[in-house]
Amino acid sequence: MAMSTTMRPLISLALPEKGAARLAGQLLLAIAGTLLLILSAKTKVLLGPVDISMQTLAVFLIAAAFGMRLGVATLLLYMAEGALGVPVFQSTPEKGIGIAYMLGSTGGYLAGFVVMAAIVGWAADRGWDRHPIKLFNAMLVAEIVMMAIGFAWLALLIGPEKSWQFGVVPFIVGDLIKVALAASLVPAAWSLLKRS
């Protein structure tokens, strides 16, 4: 019994064990997660030559708190909202909406968010969300994979040199800060729960 409790993601503590109530709770959490993703996409911080959204931070926190299944489901719901034309992404509706926007320059990064959620959620499902170093390592791997997917897609559109210069380098420092912040916040939440 103790083994299954310690290997569940943070949000599982607030969900009913099974049945329709659990499913309803998961659906509400997924919707709340998409709202957080929308808010984080529209929140920009100027750090260097580019505006950096808080979206990767939100993806990290959702995946670590929700676990792999619910985390990935939340990201897929968010992508579905965007595909349907809802202006949920960072530069929508100014730079387009729907599938056309998703196939543009940020398409690889959006796909990478789903993979990022899977990696971090997988780690959370194994209890890594209680340990800052383990969680940092998982989030760093997820970040690198997401950036590689984004870089590869952007390189197809504008070439590898420009993709590296404009799609990766300006975001390295900001994203490392977000990895460190997320890897600190989730274990801190677990520590607070243990004390109460």
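With that settled, the discussion passes to the confidence of the model for the protein. Looking at the protein, pLDDT values average 90 and 95% of them are 70 or higher. In the model, residues 1–6 has pLDDT below 50 throughout and makes three contacts with residues more than four positions away in sequence or in other chains.

Counted under the stated rule, the structure contains two salt bridges. In this structure, D175 engages K178 in a salt bridge whose closest nitrogen and oxygen atoms are separated by 3.0 Å. One end of the pair, D175, and the other, K178, are both in helix α8 (residues 172–195), three residues apart, so they sit about a helical turn from each other. The class for D175 is buried, based on a relative accessible area of 5%.

The next subject is the side chain of S163. Position of S163 among the secondary structure elements: in helix α7 (residues 160–167). A distance of 3.0 Å separates a polar side-chain atom of S163 from the backbone oxygen of F151. Once you skip the residues sitting within four places of it in the chain, S163 turns out to touch F151, L154, A155, I158 and V168.

Procedures and definitions
- Residues numbered from 1 in each chain as written.
- Predicted model: local features only at pLDDT ≥ 70, side-chain atom pairs only at ≥ 80, totals over all residues.
- Heavy atoms only, no water.
- pLDDT = per-residue confidence, 0-100.
- Contact = heavy atoms within 4.5 Å.
- Salt bridge = Lys/Arg side-chain N within 4 Å of Asp/Glu carboxyl O.
- Helix = DSSP H or I, 4+ residues; strand = E, 2+ residues; numbered from the N terminus.
- Buried < 20%, exposed > 50% of the residue type's maximum accessible area, 1.4 Å probe, protein only.
- Polar contact = N/O pair within 3.5 Å; in protein donor to acceptor, adjacent residues only side chain to side chain.

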